[in-house]
Amino acid sequence: MNNIYVSVVRVVMSLGMLSVGLHVDADNVSADSIKSLHTLDEVVVTGQRSSASAALISQTVIDIDREILDNSLQPSLLPVLTAQVPGLFTTSRGVYGYGVSGGAAGGISIRGMSGGSGRIMTLIDGRPQYSGVFGHPISDALHSSIAESVEVVKGPASAVYGSNAMGGIINIVTRRPSVDGVSTLFRAGYGSYNTLDTELTNMVKKGRFLSTASVSYNRSDNNRDDMDFSQVNGYIKLGYDISHYWTARADADITRFSASNPGSVTSPLIDADQSVVRGTVSVSVDNNYDYTSGGVSMFYNFGHNHINDGHAPSATPRLYRFISDDNMAGLSLWQSVSLFYGNTLTVGADLFRSSGKAYNRYVEGQRKGERQTLADKWHSNIGAYMNVRQSIGGFLTLNGAIRADRHNSVGTEWIPQAGAAITLPREFLIKLSAAKGFRYPTLREMYMFGPANPDLKPESSWNYEIAVSQPLLDERITYGVNLFYINAKNLIAAVPREGATPLNVNTGRVENSGVEAYLSYRINRLWNIDGNYSYLHTSRPLLEAPRHKLCLGARFVNRRCDISSGLQYVDGLYTSIDGGRKENFVLWNLRGQYEVLRWMKLWVRCDNILAQKYEINDGYPMPRMTVMAGIKLEF
């Protein structure tokens with residue numbers, strides 16, 4: 001109990017520091033305005049499938065809009081999420097690019113639950129996007145160029161989305177034109193370490209037809225030798241309004257990237273190169289009537305990895321390359337109906353099948369051309385759920401959901417969640433929720449490499465939360481505070497065995513608790529300041545999960561000029577569990593755009609202006625100050 005009291009005191013002190021910082025240090029605060037980030041009547045779909053006001057959903061849902069994404073001047077979504085979402089943290093190892101396999105960055109953690117272990121689900125327009133073999137998202141495939149907004153659910157969403165939504169959801173809502181006409185955006189920039197950032201996006205709407213197409217190319221030498229990264233991405237969406245009530249959509253997205261891993265500074269590697277392809281195609285048909293709405297969607301994800309794990313400078317080069325191919329096919333259908341006043345009932349079902357083949361292909365020696373199969377397996381699961389939302393008396397909304405999910409190898413899981421949203425006078429909002437999350441073991445954990453164990457069971461967790469929020473002064477000020485407690489068990493970990501290789505077993509357990517807070521203040525039509533803070537207490541050390549994270553921001557916007565600056569403070573971040581190494585650092589960033597002509601802007605982005613020396617991935621020092629500058633054309 002003493003630890004809890006100490007934690008509460010620290011949180012109160014930190015919130016006090018946050019308020020002071022917002023008022024006395026506005027000239028030095030954080031990058032991106034969250035003017036509309038926490039608007040109480042924001043309509044979101046993540047967490048319930050059916051559209052609903054964020055104020056009616058008992059879970060914590062944050063919506064990051066296109067304005068914030070544009071202002072960040074980032075090709076990747078992950079830095080934006082770290083800056084804007086309290087309780088969420090992502091890892092990095094260089095200027096640009098995350099890579100896969102050993103030494104990879106791009107880990108996503110929400111409240112200490114790691115996406116690198118498949119506990120965070122990433123989606124594009126509500127469709128799962130992760131590797132069928134490894135079960136985790138591929139961070140280099142999460143692009144800001146395709147996103148109209150990003151919805152983040154903190155805490156389990158497994159009752160609606162099933163496995164891999166154990167710790168939360170990141171849903172990319174793709175761009176689409178809203179008015180008739182043609183618009184085109186071209187952005188290009190160049191900067192430190194030979195870094196290049198380019199994007200071309202075209203959107204068309206003519207009557208019932210719409211389309212969005214984008215292509216981007218990005219590369220960087222990064223801040224260490226033999227750490228090159230390059231990437232090309234293409235995306236296209238086609239849509240047609242069949243009638244006033246029915247719409248059809250089809251889209252395709254493909255990313256190809258190459259990355260080099262130099263190893264840590266203490267254990268360098270040679271020829272550790274990766275070539276990865278990720279793609280997805282989908283088709284959906286939606287309906288939207290006065291009292292009912294729903295849809296059906298089909299998708300197919302695929303990936304190909306070609307990896308040379310490299311070797312130490314004094315070691316012999318590897319005679320083989322690791323190659324894997326995976327795919328995931330899915331069908332989802334749902335329908336929401338209002339049975340009577342204040343009621344929304346949603347029922348749905350999902351069918352997923354993921355498969356993967358992994359093997360070593362020999363490229364040298366007497367076994368050249370030979371393949372050594374590591375795994376050739378598949379999994380399937382089918383789930384059905386029901387979600388009920390009921391408003392009572394105009395101030396109370398009750399939420400409840402339950403899901404039954406059947407896995408072909410593991411068995412059946414029942415996943416409930418419940419909560420309430422209470423609106424008091426002066427728009428003071430209280431949310432209460434309790435939700436179960438779960439994750440099936442991946443193909444890698446069950447069948448690949450030394451620790452493989454085909455008898456693994458699902459991981460599970462319970463998340464309990466209370467949140468308050470309120471707009472003040474005609475919504476010029478918005479604030480919110482969340483308190484949460486997570487109890488997770490049966491976590492899969494590789495346990496050492498005497499005289500044998502380690503074995504994956506359901507042995508891990510962790511209890512996480514903490515506080516998250518945000519505050520935004522629109523001073524006048526030119527100035528906006530904001531801040532968010534999170535404190536995380538864990539029962540044991542965890543990677544990718546800082547104890548304290550504080551982001552402060554200020555933004556100035558007039559007719560031609562848009563300037564924002566930000567501070568990000570991180571403390572108690574474990575970069576190595578065995579070595580007990582922790583990091584703390586302060587980053588100062590700056591963004592600026594200037595409208596030269598109505599259709600042309602010049603932009604500049606400066607990161608780590610204080611030239612801080614720090615690491616997020618152990619043994620991978622981050623770059624000191626970096627500068628990017630470029631041009632943006634809109635016509």
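Because the structure is predicted, anything quoted here is derived from the model rather than measured. (Residues numbered from 1 in each chain as written. Predicted model: local features only at pLDDT ≥ 70, side-chain atom pairs only at ≥ 80, totals over all residues. Heavy atoms only, no water.)

Enquirer: Please clarify how the pairing of strand β26 (residues 500-522) should be interpreted in this entry.
Expert: Across a regular strand the side chains alternate sides, sitting on one face of the sheet and then on the other. Here strand β25 (residues 477-497) pairs with β26 via 18 bridges, running antiparallel. Among the inter-strand pairings, Ala-488 is bridged to a residue of β26, identified as Val-510. In sequence, β25 turns back onto β26 through a hairpin of two residues, with Gly-499 there showing a positive phi of about 75°. Pairing of β26 with strand β27 (residues 527-538) involves 11 bridges; the strand directions are antiparallel. Within the sheet, the bridge partner assigned to Ser-520 lies in β27 and is Asp-530. Connecting the antiparallel pair β26 and β27 is a turn made up of four residues. (Pairing = 2+ DSSP bridges. Helix = DSSP H or I, 4+ residues; strand = E, 2+ residues; numbered from the N terminus.)

Enquirer: Would you mind going over empty space enclosed by the protein with me for this structure?
Expert: Any empty space left between the atoms is revealed when a probe the size of a water molecule rolls over them. For the structure on display, the rule yields 12 cavities of 30 Å³ or more. In this model, the largest cavity occupies a volume close to 650 Å³. Lining of the largest cavity is provided by 39 residues; of these, Gln-74, Pro-79, Ser-92, Leu-587 and Asp-607 occupy positions nearest its centre. Counting residues per element, the ones that place at least two in the lining of the largest cavity are α3 (78-84), β4 (88-90), β29 (561-576), β30 (581-597) and β31 (600-607). It is α3 that contributes the most residues to the lining of the largest cavity, five residues altogether. (1 Å grid on protein atoms, 1.4 Å probe; cavity = no way out; pocket = protein on both sides within 12 Å on 5 of 7 lines; lining within 4 Å. Points joined across faces, edges and corners; volume = space filled by probe spheres on them.)

Enquirer: Explanation requested: the sheet that holds β4 in the structure shown.
Expert: Pairing in this open sheet of three strands is antiparallel, and the strands run β4-β5-β6 from one edge to the other. What marks the edges here is a single partner per strand, and that holds for β4 and β6 (113-114). Sheet topology note: the strand β5 (residues 108-110)/β6 ladder contains two bridges and is antiparallel. Across the sheet, the residue bridging to Ile-110 is Met-113, located in β6.

Enquirer: Hey, could you run me through the packing of aromatic side chains in this one?
Expert: How two aromatic rings sit relative to each other is given by the distance of their centres and the angle of their planes. Going through the model one piece at a time under the given rule, you end up with 13 aromatic pairs. Aromatic pair Tyr-464 and Tyr-485: ring centres 6.3 Å apart, planes at 20°, arrangement stacked. Here Tyr-485 lies in strand β25 and Tyr-464 lies in strand β24 (residues 459-472), a separation of 21 residues in the sequence. Using a relative accessible area of 40% as the deciding quantity, one classes Tyr-464 as partly exposed. The partly exposed category is assigned to Tyr-485, whose relative accessible area is 29%. Taken together, the aromatic side chains of Tyr-96, Phe-229 and Phe-257 make up a single cluster linked through ring pairs. Over the ring of Phe-484 we find Arg-111, and its NZ or CZ is 4.4 Å from the ring centre. We note Lys-377 situated over the ring of Tyr-447; from NZ or CZ to the ring centre the distance is 4.9 Å. (Phe/Tyr/Trp six-rings, centres within 6.5 Å; stacked < 30°, edge-to-face > 60°. Buried < 20%, exposed > 50% of the residue type's maximum accessible area, 1.4 Å probe, protein only. Lys NZ or Arg CZ within 6 Å of the ring centre and 35° of its normal.)

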